[in-house]
Amino acid sequence: MKNNSLTIAGFMSGTSMDGLDCCIAKVGISENWDFNYEIIATKSFDFNFNVRDKICKNLGETQISNIVPLDDFMGKTFLNLSKDFLLSHKFDAISIHGQTIHHRDKVKTIQVGNPCYLASFFKVPVIYNFRQKDIDAGGNGAPLMPFLDWLLFKKCDTNTVAINLGGISNISFIKKKSIKSDVLGFDTGPGMSLIDEYVFKIWSEKCDFNGKYSADSQIEESLLNHLVDNSSFISAPPPKSTTREDFGASFIDEFLKYFNHLNENNILRTLVKFTSLSLKLNIDRFIKDKYEIDNVVITGGGANHPFLMSDIKKDLDIPQVNIIDYGIESKFKESFLMSVLGYAKIKGIESNMPSVTGSHKSIVLGEIYCD
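Everything numeric here is computed off the predicted structure, so don't read it as measured data.

1. What to know about helix H7 (residues 221-229)
For H7, the complete set of buried residues consists of Leu-223, Leu-224, His-226 and Leu-227. Here the buried residues of H7 occupy an arc of 160° about the axis, which is enough to place them on one side. Among the structural elements, helix H9 (249-259) and helix H10 (264-286) are those in contact with the buried residues of H7.

Structural data, given as structure tokens:
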């Protein structure tokens, strides 16, 4: 790899709120956007109930007096979870997304996870706060993934849709032989957020592992139609992004006012179908109306859910490419993104995507904290 490369430890704790993913990667981006990378090591750390509970109780929080203690708590949590793993490797910097507790397009975004603890312990720069500058420039601040998707797929001879199934689903459309301003990308609605939230509410488990609760169940068409008809975000045109504030516990409580009489497993199966259908509706309305799609790449935790993947395969009917063909494990694509964004900040590379977020200009994302 060329000598302009850096080794960055990327941290992602996303809208699934289930843990911290770490990816140590050597990254290089040239002046003409040639992209070189090597994944060195990856590891995931589950959040215990106490951590997840603190995050859930603070979703939507905007009061600084409440945010500061959570910011410190999550900063210490990131350090305690990752330090043994990181001590086994050498790296030039750490890049952390932080845990999102509040996000409103073009208005405000809050990620917690004070970088001072990692910086003090490892004595390297920590890059953080990747969304605010895009919002300051009139953008949504999200999604961030289209930058990495463009770097990965821009030289392909095919039109590619990349789907990231985290807590929230987001997509990138990279047309063949594209330039940066060609990229389309936006959140489509729920990823695993509604599925996980409902499983936790009914069965007190973190997820529908291997589809065990949605197996041998039926889609309730009346509920599915209600979800589609009453989710204005699904039909809203991009640029757009959303959070678990919109597709989480309150969303479930609202529709259960009318559908709580239905079989619980059927409700869950319907939420799986709704997640897939929200992807299809967005892709049909905002991409397929202008472009042919040759293949799709699906990553994130939702890629492990058998019924969600089956629904997506049927709904989209697009040939699928495996991200492992690019040397990236599906689970660690988001943490690898953080390695890439951290590199871009250090090198002064403009990594926001105005065609995605609606910002007025291209800017270098993130801040650097040094102990």
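2. Describing the sheet that holds strand S7 (residues 126-128)
Spatially, the six strands line up as an open sheet ordered S3-S2-S1-S4-S7-S13, and their pairing is mixed. Of all the strands in the sheet, the pair left with one neighbour each is strand S3 (35-46) and strand S13 (367-369). When strand polarity is set aside, the average angle formed by the axes of neighbouring strands in this sheet is 25°. As defined by bridge partners, strand S4 (residues 93-96) adjoins S7 across two bridges and the pair is classed as parallel.

3. Some details on the pairing of S3
Pairing analysis gives 11 bridges linking strand S2 (residues 19-29) to S3, with the strands arranged antiparallel. Directly across from Asp-21, in S3, lies its bridge partner Ser-44. Between the antiparallel neighbours S2 and S3 lie five residues, among them Trp-33 with a positive phi of about 75°.

4. Considerations on the packing of H7 against H9
Where H7 contacts H9, the axes come no closer than 11 Å and their chain directions differ by 135°. Taken together, the axes of H7 and H9 are oblique relative to one another. Helix-helix and strand crossings are classified by hand; for H7 and H9 the assignment is right-handed. The segment H7 lies against H9, with Ser-222, Leu-223, His-226 and Leu-227 engaging Phe-251, Phe-255, Tyr-258 and Phe-259. Grouping the amino acids of the contact of H7 with H9 by side-chain chemistry returns six nonpolar, two polar and no charged.

5. What about the sheet that holds strand S9 (residues 168-174)?
The strand order across the open sheet built from five strands is S10-S9-S8-S11-S12, with neighbouring strands paired in mixed fashion. In this open sheet, the two strands that pair with only one neighbour each are strand S10 (184-190) and strand S12 (320-321). Pairing analysis gives two bridges linking strand S11 (residues 295-299) to S12, with the strands arranged parallel. Residue pairing in the sheet places Val-296 in a bridge with Gln-320 of S12. The strands touched by helix H5 (residues 145-153) within the sheet are strand S8 (160-165), S9, S10 and S11, with S9 carrying the most contacts at an inclination of about 35°.

Procedures and definitions
- Residues numbered from 1 in each chain as written.
- Predicted model: local features only at pLDDT ≥ 70, side-chain atom pairs only at ≥ 80, totals over all residues.
- Heavy atoms only, no water.
- Buried < 20%, exposed > 50% of the residue type's maximum accessible area, 1.4 Å probe, protein only.
- Helix = DSSP H or I, 4+ residues; strand = E, 2+ residues; numbered from the N terminus.
- Arc of directions from axis to C-beta.
- Contact = heavy atoms within 4.5 Å.
- Pairing = 2+ DSSP bridges.
- Axes fitted to C-alpha atoms, helices over the stretch in contact; angles between N-to-C directions.
- Parallel < 35°, antiparallel > 145°, perpendicular 65-115°, else oblique.
- Left-handed = near helix turned anticlockwise from the far one by under 90°.
- Nonpolar A, V, L, I, M, F, W, Y, C, P; charged D, E, K, R; others polar.

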